[in-house]
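Commentary on secondary and tertiary structure
As a plain string of letters, each chain reads:
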Amino acid sequence: MIPYRVSKLRRMGPARLTAGLDDNRRLDLDTHYTIHRQLDGETVDGLIAMAEEVDLRGRGGAAFPFARKLRAVAAHTRSSDTVVLVNAAEGEPASMKDKMLLTRSPHLVLEGALLAASALDAKEVVIATPAGELAEGSMMAAVAERGLIGYVRVVGIQERFISGEGGALVKAVNGELGMPSGRKVRSSDSGVNGLPTLLSNTETFAQLALLAELGPEEYASVGTPQEPGTILLSVSGSVAAPTVVECTPGVPLAAVLDMCEARVGDGLLVGGYHGKWLSAADAYGAIVSRRGMSQSGGELGAGIIVPLGSDTCPLGETVRVAAYLAAQSAGQCGPCRMGLPSLARAMAELTVGTPGALDLVQQAATAVRGRGACFHPDGTSRFVLSALEAFADDVEEHRLNGTCGRPTKEVLPLPIADASDVRLVVDWTRCQGHGLCAHLVPELVKLDHHGYPVFIDSPVPSWAKSEAQRAVEMCPALALRIGAR
């Protein structure tokens, strides 16, 4: 589970998405309407025109044009019922912004979803949130305040890194295992219960509500001509405190970092765990916008900023996340089952200076790219390869000396382990190097040059637990077991 972390709020520009939150811990319905006006209904053509005028993009990471999604679902309204689905499954460990909106300003999100649903004459609105968290309870309370129980459905789902992928989210809402489908099915054609579904991110629906409230001209009065309005950033890592920042596109990233009292050190991560590392020099020259980040070699993604600081090992931090991403895969294609664990192991070998490990990392990353059933292998390889570039000096020091002399202080946030997180554990006093475990569960175990097992340092994925148990039962030396770290 990824718990909601109480975070500070900061702004560089007007308070729009965060309006009223300085004086209120949470905006109930009455308080919401003292800050935001009640919206009139809009036709679907009117919503499309407004979204196109300001080029409203999805805020979940892919930046897909919202008007195109809306138009695609609207094309089905004469022949089918439709559904509006709010993707509030913030499975990215370094992101806080959507949970902040859901827990503190839930009616702004609901307003945008209801606006779209009214325009589409949708059969229902579904809000998919992590099960058992504050966000789920806050949204259920907001739905009850409006008397919309039965029309708006809050669905708690298991939170994983890939739970926010569109196909995985739809399957989870439909009561299936929340994994990517492995084949491209547009939610606008077939989503919740097989109906055409308008699927977009939490912040996107809040932005839609603001756009309808302000109108395109006022909405676009801040930001840049290409990227108007404001955006939310999740800033964590080596900072004074985890912070959600509402800012206008076009501000220097350096100003955001200074405001959050960030210690950048060797560099920072932008765009989350499918994003890219930037060196300190590139970070301080970057502009906060999709275009600005791209020009600096990064990508804005879902607005995640994680400065690293100077007292932790950059490669060690990268290994931690690479192992986590390998364990978070759906395990339904070769690049995820075999490729991502191999990539994580190669990175671990690089940190201790194993000869040839740098080439192995590059080969493993190249082997998974563009070959997965979803985008998880692509994003993971991008994350790892960007570390090699951003921390080139550190890579060389590890290659030559087996260390940079710094510990890995776990600056990058990862989920808190729960009871279901188990690992393969070996009793080295018993292990005789038979190597059978590597043949039975090659996704998790490789053999070193002496024939002894090398394990990926991450929990056993759910899809590999039966194979791992079989390896334990068949170990000739009874040296293998499944247990806690």
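What this report covers is the structure whose coordinates are included nearby. (Residues numbered from 1 in each chain as written. Predicted model: local features only at pLDDT ≥ 70, side-chain atom pairs only at ≥ 80, totals over all residues. Heavy atoms only, no water.)

**What to know about the pairing of strand 9 (residues 276-279)**
Put simply, the rule reads: Paired strands, in this sense, are two strands between which DSSP finds at least two bridges. In DSSP terms, a helix is any run of H or I states spanning at least four residues, a strand is any run of E spanning at least two, and both are numbered starting from the N terminus.
By the bridge criterion, 4 bridges tie strand 8 (residues 267-270) to strand 9 in an arrangement that is antiparallel. Residue pairing for strand 9: Val270 is matched across the bridge by Lys276. Here strand 8 hands over to strand 9 after 5 residues, with Gly271 in that stretch at a positive phi of 90°.

**Section: the packing of aromatic side chains**
Let me state the cut-off plainly: Aromatic pairing here means that ring centres of Phe, Tyr or Trp (its six-membered ring) are within 6.5 Å. Orientation follows from the plane angle: under 30 degrees is stacked, over 60 is edge-to-face, and everything else is tilted. Each residue is placed in one exposure class: buried if its accessible area under a 1.4 Å probe, protein chains only, is under 20% of its type's maximum, exposed if it is over 50%, and partly exposed if it falls in between.
Under the criterion given, the structure shown has 5 aromatic pairs. With 6.1 Å between their ring centres and 85° between their planes, Phe66 and Phe205 make a pair best called edge-to-face. Separated by 139 residues along the polypeptide, Phe66 in helix 3 (residues 66-74) and Phe205 in helix 8 (residues 202-219) bring together distant segments of the chain. Its relative accessible area of 1% is what places Phe66 among the buried residues.

**Quick word on helix 16 (residues 392-401)**
Defined as follows: Throughout, the arc means the angular range of directions from the helix axis out to the C-beta atoms. Contacts are residue-level and defined by heavy atoms, with any inter-residue pair within 4.5 Å sufficient.
Taken together, the buried positions of helix 16 are occupied by Asp394, Val395 and His398. Each buried residue of helix 16 lies within a common arc of 105° when the element is viewed along its axis, so the set occupies one face. Seen from the buried face of helix 16, the exposed residues on the opposite side, beyond 90 degrees, are Asp393, Leu400 and Asn401. On its buried face, helix 16 sits against helix 12 (314-327), helix 13 (334-351), helix 14 (357-368) and helix 15 (376-390). Backbone geometry just after helix 16 places Gly402 at a positive phi near 75°.

**Some remarks on the sheet that holds strand 4 (residues 152-157)**
In any sheet, the strands associate via hydrogen bonds between backbone groups, in a parallel or an antiparallel arrangement. Note the threshold: Note on method: axes are straight lines fitted to C-alpha atoms, helices fitted across the in-contact stretch only, with angles between N-to-C directions ranging 0 to 180 degrees.
Spatial strand order, 4-3-2-5: 4 strands in an open sheet with parallel pairing. Both outer strands of the open sheet, strand 4 and strand 5 (197-201), are each paired with one neighbouring strand and no more. Adjacent strand axes in the sheet meet at a mean angle of 20°, parallel and antiparallel pairs treated alike. The pairing of strand 2 (residues 83-87) with strand 3 (residues 124-130) spans 5 bridges and is classified as parallel. Directly across from Val83, in strand 3, lies its bridge partner Glu124. Across the sheet, helix 5 (residues 106-120) lies against strand 2, strand 3, strand 4 and strand 5, angled at about 155° from strand 2, the strand it touches most. Helix 8 contacts strand 2 and strand 5 of the sheet and is inclined by roughly 100° relative to strand 5.

Any functional reading would require information beyond the geometric quantities listed.
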